[in-house]
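Chain by chain, the residues:
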Amino acid sequence: MKEVKEVKEVKIIKQPGKHSYVFSPYLDPIARVKPGEEVIIYTEDAFESRITKETDTPSEILGEYLNPQTGPIYIEGAEPGDTLLAHIIDIEPTRDWAVSILNPYFGGLTATPMTRMLHEPLPEKVWIYKLIDGMVVNNTQLSFPWRPFMGTIGTAPNLEAVSALTPFNHGGNMDVPDTKPGNTVYLPVNVPGAYFYTGDCHAGQGDGELCGVALEITGRVRIKFDLIKGKSIKWPRIESPTELMVVGSARPMEDAARIAYAELIDWMVELGWDKLDAYQALTQIGKLSVGNMVDTYYSLVAKIEKKYAFIDKN
């Protein structure tokens, strides 16, 4: 007799109507999800698919808002003081091309509204990349492996609505490539239901997202949610099969690094470390990467390998 495999039904979540351009506690949830439940969430690219060809002029097409979010998603049972776990199972593209641009007064090596200078902006330019056999290919012969992650992922702050361009302690536009399939993102719960948002899928990105625009693509992300009840965290954490990580977002960049490393020390103390021993350990074996150096706040990721982080108490 042939074995009948149980087909697990997965909830599909698409944004009904307009996307949100803020992480807000004041919007109506678009879906409700139980802890332990897997969902498939469809996301728009950073430009809401308005830039489609290399002859487009971004300043004539793009409006004031970027990074449309799918959400908020209400997590049943989530209460302030809990921690939300988002297990990223898979990310698939929903089209066969990605886009990057130079945008006036935006990027790591040009004047911006927050870094004011007198020189003229860089010229606008659009690059279109095709997805071919697991590679992201541009007609200039640039070719990169498909390495997707979610540029924005977070929960709602407890009072103010925060722009989808801004990373902070709720998560948001962190642009860290570690928010990828196989990893779990830990997020603070600030309001009942957590109000989870995600978007800004990237087909890949270098450290720092230097020009301010990664390989922007529409996506289909599969996530499983869990809750840690009664345990709060101050900043987003990420767990991979081999590392523990904390994201800090601030300006100047060294303050983002300080937040990330200090919060990682706190995590290590929870695992049984003495605080000063953890400080010493990270001095010798800690890792630090730059998620973005272009947003309203910069995001840095402090890391330690799990083989060092967990203390054998036997």
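So, how was this worked out
Every chain's residues receive numbers from 1 upward, in the order its sequence appears when written. Totals for whole chains, interfaces and linings use every residue, but because this is a predicted model, local features are given only for residues with pLDDT of at least 70 and side-chain atom pairs only at 80 or more, for both listing and counting. Think of the side-chain values as coming from all heavy atoms in the structure, minus any hydrogens and water. Among buried residues, the Ala, Val, Leu, Ile, Met, Phe, Trp, Tyr and Cys ones that are joined through side-chain atoms within 4.5 Å form a nonpolar core. Note on exposure labels: buried denotes an accessible area under 20% of the residue type's maximum, exposed denotes more than 50%, and partly exposed covers the range between, all computed with a 1.4 Å probe on protein chains only. In what follows, a contact means two residues having at least one pair of non-hydrogen atoms within 4.5 Å. In this analysis, rings of Phe, Tyr and Trp, with Trp reduced to its six-membered ring, are considered paired at centre separations within 6.5 Å, and the interplanar angle assigns stacked below 30 degrees, edge-to-face beyond 60, and tilted for intermediate values. To qualify as a helix, a DSSP run of H or I must reach at least 4 residues; to qualify as a strand, a run of E must reach at least 2; elements of each kind are numbered from the N terminus. When DSSP finds two or more bridges between two strands, those strands count as paired. Note on geometry: axes are lines fitted to C-alpha atoms, helical ones only across the stretch in contact, with angles between N-to-C directions running from 0 to 180 degrees. Helix span, as expected, comes to 1.5 Å for every residue beyond the first. The directions from the helix axis to the C-beta atoms form the arc being described. Counting rule applied: Lys, Arg positive; Asp, Glu negative; His and chain ends not counted. The term salt bridge refers to a side-chain nitrogen of Lys or Arg lying within 4 Å of a carboxyl oxygen of Asp or Glu. Residues adjacent in sequence count toward polar contacts only when both atoms are side-chain atoms; beyond that, a polar contact is any pair of N or O atoms within 3.5 Å, and within protein one must be able to donate a hydrogen and the other to accept it.

- As recorded in an unreviewed UniProt entry, the protein goes by Acetamidase/formamidase family protein and comes from Fredinandcohnia salidurans.

1. Details of the nonpolar core
- Core analysis: the largest hydrophobic core is formed by 37 residues, its most contacted members being Ile41, Ile75, Leu84, Ile153, Phe196, Ile223 and Phe225.
- In this structure, Ile41 is in contact with Ile13, Thr70, Ile73, Phe196, Thr198, Gly219, Arg220, Val221 and Ile223, ignoring residues within four places of it in sequence.
- Ranked by size, the runner-up nonpolar core spans 18 residues in total, among them Leu85, Leu264, Ile265 and Ala278.

2. Structural notes on the packing of aromatic side chains
- Scanning the entire structure with this criterion turns up eight aromatic pairs.
- The interplanar angle of 65° and the centroid separation of 6.1 Å between the aromatic rings of Tyr74 and Tyr195 together place this pair among those described as edge-to-face. Of this pair, Tyr74 sits in strand E5 (residues 69-75) while Tyr195 sits in the loop between strand E15 (184-188) and strand E16 (196-202), and the two are 121 residues apart along the sequence.
- Residue Tyr74 is classed as buried on the basis of its relative accessible area of 16%.

3. Some remarks on the sheet that holds strand E9 (residues 135-138)
- Strand order across the open sheet formed by four strands is E7-E8-E9-E10, with antiparallel pairing between neighbours. A single partner strand is all that each edge strand has here, and the edge strands are strand E7 (97-102) and strand E10 (143-145). Averaged over all adjacent pairs, the angle separating strand axes in this sheet is 25°, with direction ignored.
- Summarising the sheet, strand E8 (residues 125-132) and E9 pair through four bridges and their orientation is antiparallel. When the bridges of E9 are listed, Ile132 appears paired with Met135.

4. Notes on helix H2 (residues 253-270)
- Taking 1.5 Å per residue as the helical rise, H2 with its 18 residues ought to reach 26 Å, and the 26 Å between its terminal C-alpha atoms agrees with that figure.
- Every buried residue of H2 is accounted for by Ala256, Ala257, Ala260, Glu263, Leu264, Ile265, Trp267 and Met268.
- Close packing links the buried residues of H2 with E15, strand E18 (237-239), strand E19 (243-250), helix H3 (275-285), strand E20 (287-292) and strand E21 (298-305).
- Trailing H2 by a residue or two, Gly272 shows a phi angle of about 115°, which is positive.

5. Some remarks on H3
- Here H3 has its buried residues at Ala278, Ala281 and Leu282. All buried residues of H3 project into a common sector of 95° when viewed along the axis, lining one side. For H3, exposure combined with an orientation more than 90 degrees from the buried face picks out Leu276, Tyr279, Thr283 and Gln284.

6. Examining the side chain of Glu44
- Of note, Glu44 is situated in the loop between strand E4 (38-43) and helix H1 (58-61).
- No salt bridge is formed by the buried Glu44; its nearest oppositely charged neighbour, Arg95, is found at 5.0 Å.
- At 2.7 Å, the side chain of Glu44 and the side chain of Ser49 are in polar contact.
- Among residues more than four places away in sequence, those in contact with Glu44 are His19, Ser49, Pro68, Asp200, Cys201, Ile217 and Thr218.

7. Topic: the environment of Leu109
- Mapped onto the secondary structure, Leu109 falls in the loop between E7 and E8.
- Taking the C-alpha atoms as reference, Leu109 lies 9.4 Å from Gly212; in sequence the two are 103 residues apart.

8. Examining the pairing of E8
- Alignment of E7 against E8, held across six bridges, turns out to be antiparallel. Each bridged residue has a counterpart across the sheet, and for Ser100 the counterpart in E8 is Trp127.
- In this structure, the hairpin formed by E8 and E9 is closed by a connection of two residues, where Asp133 is found at a positive phi of approximately 50°.

9. Notes on the side chain of Thr218
- Locating Thr218 in the fold gives a position in the loop between E16 and strand E17 (219-228).
- Under the relative-accessibility criterion, Thr218 is labelled buried at 8%.
- Separated by 2.6 Å, the side chains of Thr218 and Thr94 make a polar contact.
- Thr218 has contacts with Thr43, Glu44, Asp45, Ser49, Glu92, Pro93, Thr94 and Arg95, leaving out every residue within four places of it along the chain.

10. Some details on the sheet that holds strand E13 (residues 167-168)
- Pairing is mixed in the open sheet, where six strands are placed in the order E3-E5-E16-E11-E14-E13. Sheet topology places strand E3 (31-33) and E13 at the edges, where each strand pairs with a single neighbour.
- As paired strands, E13 and strand E14 (residues 171-172) are joined by two bridges and run antiparallel to one another. Along E14, the bridge assignment pairs Phe168 with Gly171.

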